[in-house]
Amino acid sequence: MEYLYPRSYHEYTNACKYIPGGVESSTLLGSPGEYPIYIERGNGQYVWDIDGNKYLDFLCGFGSVIIGHDVHEIDQTVLAQIKNGQLFGLSSSIQNTLAELIISSVPCAQLVRFMTNTSEACLAAVQTAKMYTGRRKILSSGYHGWLLPQKHSTGTSGLLKYEYTDVIDFSYNSIKIEALFKKYKDEIACVFIEPDPRLHDRNLLIKIKKLCVENDSILIFDEAKTGFRISLGGAQEYYSVFPDIVVLGKAMSNGYPIACIAGNKEYMQAINSIWTAGTYHYEVSSILASIKTIKLLKNKNTQNSLDEVGHEWFDRMSLWINKTKYPAEMKGIHRMPYLKFKNGYGTVFYHELLQRGFLLHVDRWYYTVAHTSENILELINAMKDSMTEELKLDAYEKVYTKLLFEKYFSFTFFPRFEIIYSMLHIYDEEGTLKHKASKELYPYFTQLDGKNNLDTIFCNIKLDSKYNRRNIMILLLSTIQDMVKENHLIMLNYPYVDGT
Ligand SMILES: Cc1ncc(COP(=O)(O)O)c(C=O)c1O
């Protein structure tokens with residue numbers, strides 16, 4: 001088998017020997033046969049993988065990198081400090097500087113407590129609300145990291161059913177939240193949401209705020225993605241709807257590991273009644289990186305540059321999408337543009353862009369101060385290119401999607417088509433798993449049934465995998481149809497259930 005990214009494949013195979021699943025985060029867990037690309041370095045708006053491919057980066061460290069990769073001003077500050085030590089376990093005065101910067105930038109922030117990552121800060125925020133109100137129930141929508149008992153699109157956090165009972169998801173549904181407030185009136189400690197423009201509008205935020213005030217519940221915004229990105233003061237500033245407590249992370253430090261919980265003095269004091277402690281909460285590199293990042297973000301030119309590129313992206317792409325009949329719609333706002341595909345199309349699209357040198361997250365797109373309007377044009381041209389081809393595949397795609405990707409959550413950084421057939425699990429009529437790994441599938445097929453020429457099919461797939469997706473789909477489809485005819489059950493083994 002030829003791999004499109006052989007060194008990444010090799011590294012991943014090695015990683016699987018030492019690391020469960022070969023990866024450090026569930027976000028990179030793929031199906032059998034998939035492998036993530038490995039990145040070697042970044043500079044400005046670009047990253048390079050270990051196979052020497054260069055990408056225009058719109059993943060941006062899952063939204064953390066907002067100034068750009070390898071920013072001299074930030075890295076120099078950190079390097080200078082590292083010579084004097086990195087962790088002392090006691091406070092240093094720079095944390096006051098950072099707290100002041102956050103308080104002067106984020107409207108609801110009157111007190112700030114720093115932590116190492118946003119999952120931690122999310123947990124601290126709800127514990128604080130529970131402590132302050134003496135109540136247990138949390139009404140939640142969106143993703144709030146992996147420590148909070150919640151169900152989210154990527155599966156459960158590995159917690160037991162009873163652990164979820166106090167966290168009720170209302171999926172940004174205005175009627176549902178009203179009903180929940182009626183049902184649990186005096187039990188609701190807080191409402192915890194992402195004020196994310198991709199998912200709802202300002203009216204919902206206003207309504208939630210009103211419900212919280214009327215019921216003495218605390219409103220918490222998880223601004224991990226939106227904070228410092230949608231505007232300096234985050235979504236709360238953009239929408240002029242202010243929470244009692246906010247969780248911040250990601251863009252506040254341009255990729256260095258730090259997060260915080262901030263908010264109204266009265267509520268924030270309650271954090272002293274719960275146990276929050278972290279060996280690395282005093283770690284100085286990230287505090288310094290964050291100070292520098294926020295100072296850069298406070299500069300008017302930086303904000304103008306983010307606006308200019310965002311508008312170029314959102315407006316141009318909206319115009320183009322509206323003109324064509326491509327099965328996708330623009331969502332979000334200019335600082336957080338995002339293309340929502342109809343079921344299945346996104347999978348192919350992101351893979352096409354990856355091969356053209358564009359790295360994008362499957363359901364949210366980010367950019368940095370280093371990105372230019374020309375970069376946006378490059379992306380749009382590459383999209384046009386891949387989309388035109390895509391439209392030609394329309395008929396095949398639909399059936400193919402239904403068969404294979406109906407419940408498939410695609411991450412953009414998995415080389416896709418070379419592994420499609422690796423995802424098939426084959427069961428015999430008794431339900432015994434006959435085959436599940438990728439590489440042996442081809443011999444298994446030959447052995448399974450010489451009649452339907454499956455060896456030819458897989459030879460073709462292999463030969464054409466890079467260039468001719470149309471063929472792959474036709475062949476794959478006929479393979480699947482043959483297998484269905486032969487009463488072999490085809491099953492997708494993938495932990496994610498969201499679609500793009
Ligand atoms: C809205 C939101 N909250 C919390 C988190 C968890 O942050 P971390 O991965 O830094 O723990 C994320 C991460 O993507 C997020 O998007």
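The structure under discussion appears in the preceding block.
Residues numbered from 1 in each chain as written. Predicted model: local features only at pLDDT ≥ 70, side-chain atom pairs only at ≥ 80, totals over all residues.

Chemist: Mind showing me how you'd approach the overall build of the protein chain here?
Modeler: If you tally the helices and strands in the protein chain, you get 17 helices and 18 strands. Across the 500 residues of the protein chain, 44% fall into the buried class. Relative to all contacts within the protein chain whose residues are 6 or more apart in sequence, the contacts with residues 24 or more apart total 74%. (Helix = DSSP H or I, 4+ residues; strand = E, 2+ residues; numbered from the N terminus. Buried ≥ 20, exposed ≤ 12 C-beta atoms within 10 Å, placed from the backbone. Contact = placed C-beta atoms within 7 Å.)

Chemist: Would you explain the site of the ligand in this entry?
Modeler: In the vicinity of the ligand lie 14 residues, with Asn117, Thr118, Ser119, Gly145 and Ala224 positioned nearest. Here the shell around the ligand takes 3 residues from helix H5 (residues 118-133), the largest share from any one element. Taken together, the residues of the shell around the ligand break down into 4 nonpolar, 7 polar and 3 charged. (Near = placed C-beta within 6 Å. Nonpolar A, V, L, I, M, F, W, Y, C, P; charged D, E, K, R; others polar.)

Chemist: Help me out: how do you make sense of the sheet that holds strand S9 (residues 188-193) in this one?
Modeler: Within a beta sheet, neighbouring strands are joined by backbone hydrogen bonds and run either parallel or antiparallel to one another. Here 7 strands make up an open sheet; going across it, the order is S4-S12-S11-S10-S9-S5-S8 and the pairing mixed. Each edge of the open sheet carries a strand with a single partner, namely strand S4 (111-115) and strand S8 (167-169). Sheet twist, expressed as the mean angle between neighbouring strand axes with direction ignored, is 20 degrees. Note that S4 and strand S12 (residues 259-263) share 5 bridges and pair antiparallel. (Pairing = 2+ DSSP bridges. Axes fitted to C-alpha atoms, helices over the stretch in contact; angles between N-to-C directions.)

Chemist: Is there a simple way to explain the packing of helix H3 (residues 72-82) against helix H10 (residues 284-298) in this structure?
Modeler: Axis angle and axis distance: for two packed helices, these are the angle between their axes and the distance between the axes, and together they describe the pair. Where H3 contacts H10, the axes come no closer than 9 Å and their chain directions differ by 150 degrees. Our classification of the angle between H3 and H10 gives roughly antiparallel. The interaxial crossing formed by H3 with H10 has right-handed handedness. Of the residues in H10, those in contact with Glu73, Ile74, Thr77, Val78, Gln81 and Ile82 of H3 are Val284, Ser285, Leu288, Ala289, Lys292 and Thr293. (Parallel < 35°, antiparallel > 145°, perpendicular 65-115°, else oblique. Left-handed = near helix turned anticlockwise from the far one by under 90°.)

Chemist: Which parts of the structure should I look at to understand the packing of helix H6 (residues 174-183) against helix H7 (residues 202-214)?
Modeler: For the pair H6 and H7, the least separation of the axes is 11 Å and the interaxial angle reads 5 degrees. With respect to H7, the element H6 is oriented roughly parallel. Contacts between H6 and H7 involve Ser174, Ile177, Glu178 and Phe181 from the former and Leu204, Lys207, Ile208 and Leu211 from the latter. Its residues assigned to classes, the contact of H6 with H7 comprises 5 nonpolar, 1 polar and 2 charged.

Chemist: Where do I start with helix H11 (residues 300-323) in this structure?
Modeler: Note on helix geometry: an α-helix contains 3.6 residues per turn, so any two residues three or four positions apart are oriented the same way. Under the 1.5 Å per step criterion, the end-to-end length of H11 is 34 Å for 24 residues, consistent within 8% with the ideal 34 Å. Those residues of H11 not exposed but buried are Leu306, Val309, Gly310, Glu312, Trp313, Phe314 and Met317. (Expected span 1.5 Å × (residues − 1).)

Chemist: What is the right way to look at the sheet that holds strand S2 (residues 46-49) in this model?
Modeler: Reading across from one edge, S1-S2-S3-S15 is the order of the 4 strands in this open sheet, with mixed pairing throughout. The open sheet has two edge strands with one neighbour each: strand S1 (39-43) and strand S15 (358-359). Taken together, the 2 bridges between strand S3 (residues 54-57) and S15 define a ladder with parallel strand orientation. Paired with leucine 56 across the strands is phenylalanine 358, a residue of S15.

Chemist: Whenever I open this one, the environment of threonine 276 confuses me. Can you help?
Modeler: For threonine 276, the location among the structural elements is in the loop between helix H9 (265-269) and H10. Since 16 C-beta atoms lie within 10 Å of it, threonine 276 is described here as partly exposed. Separated by 163 residues in sequence, threonine 276 and arginine 113 place their C-alpha atoms 9.7 Å apart.

Chemist: What's the story with unusual backbone geometry in this structure? I'm lost.
Modeler: Note: most peptide bonds trans; most residues except glycine with negative phi. Not every positive phi belongs to a glycine, and tyrosine 172 is a case in point at roughly 55 degrees. Mapped onto the elements, tyrosine 172 comes out in the loop between S8 and H6. One non-glycine residue with positive phi stands out, namely asparagine 254, at about 55 degrees. Relative to the helices and strands, asparagine 254 is located in the loop between strand S11 (245-248) and S12. Owing to 29 C-beta atoms within 10 Å, asparagine 254 belongs among the buried residues under this scheme.

Chemist: Just to check I follow, could you spell out helix H1 (residues 6-18) for this structure?
Modeler: Over its 13 residues, H1 extends 19 Å from the first C-alpha to the last, a length consistent with the 18 Å expected when each residue adds 1.5 Å. Buried residues of H1: Ser8, Tyr9 and Tyr12, and no others. Considered in projection along H1, the buried side chains sweep an arc of 100 degrees and stay on one side of the axis. Of the exposed residues in H1, those oriented more than 90 degrees away from the buried face are Pro6, Thr13, Asn14, Lys17 and Tyr18. (Arc of directions from axis to C-beta.)

Chemist: I tried to follow the pairing of strand S10 (residues 218-222) on my own but got confused; where do I start?
Modeler: Along any regular strand the residues' side chains alternate between the sheet's two faces. When you tally the buried positions in S10, you get 5 out of 5 residues, the bulk of the element. The alternating pattern of S10 places Ile218, Ile220 and Asp222 on one face and Leu219 and Phe221 on the opposite face, and all of these are buried. Examined bridge by bridge, S9 and S10 share 4 bridges and lie parallel to one another. Looking across to S10, one finds that valine 191 is bridged to leucine 219. At this point the chain moves from S9, through H7, to the parallel S10, and the crossover so formed is right-handed. The parallel pair S10 and S11 is bridged by helix H8 (residues 234-239), and the resulting crossover is right-handed. (Right-handed = clockwise from strand over helix to strand, strands pointing away.)

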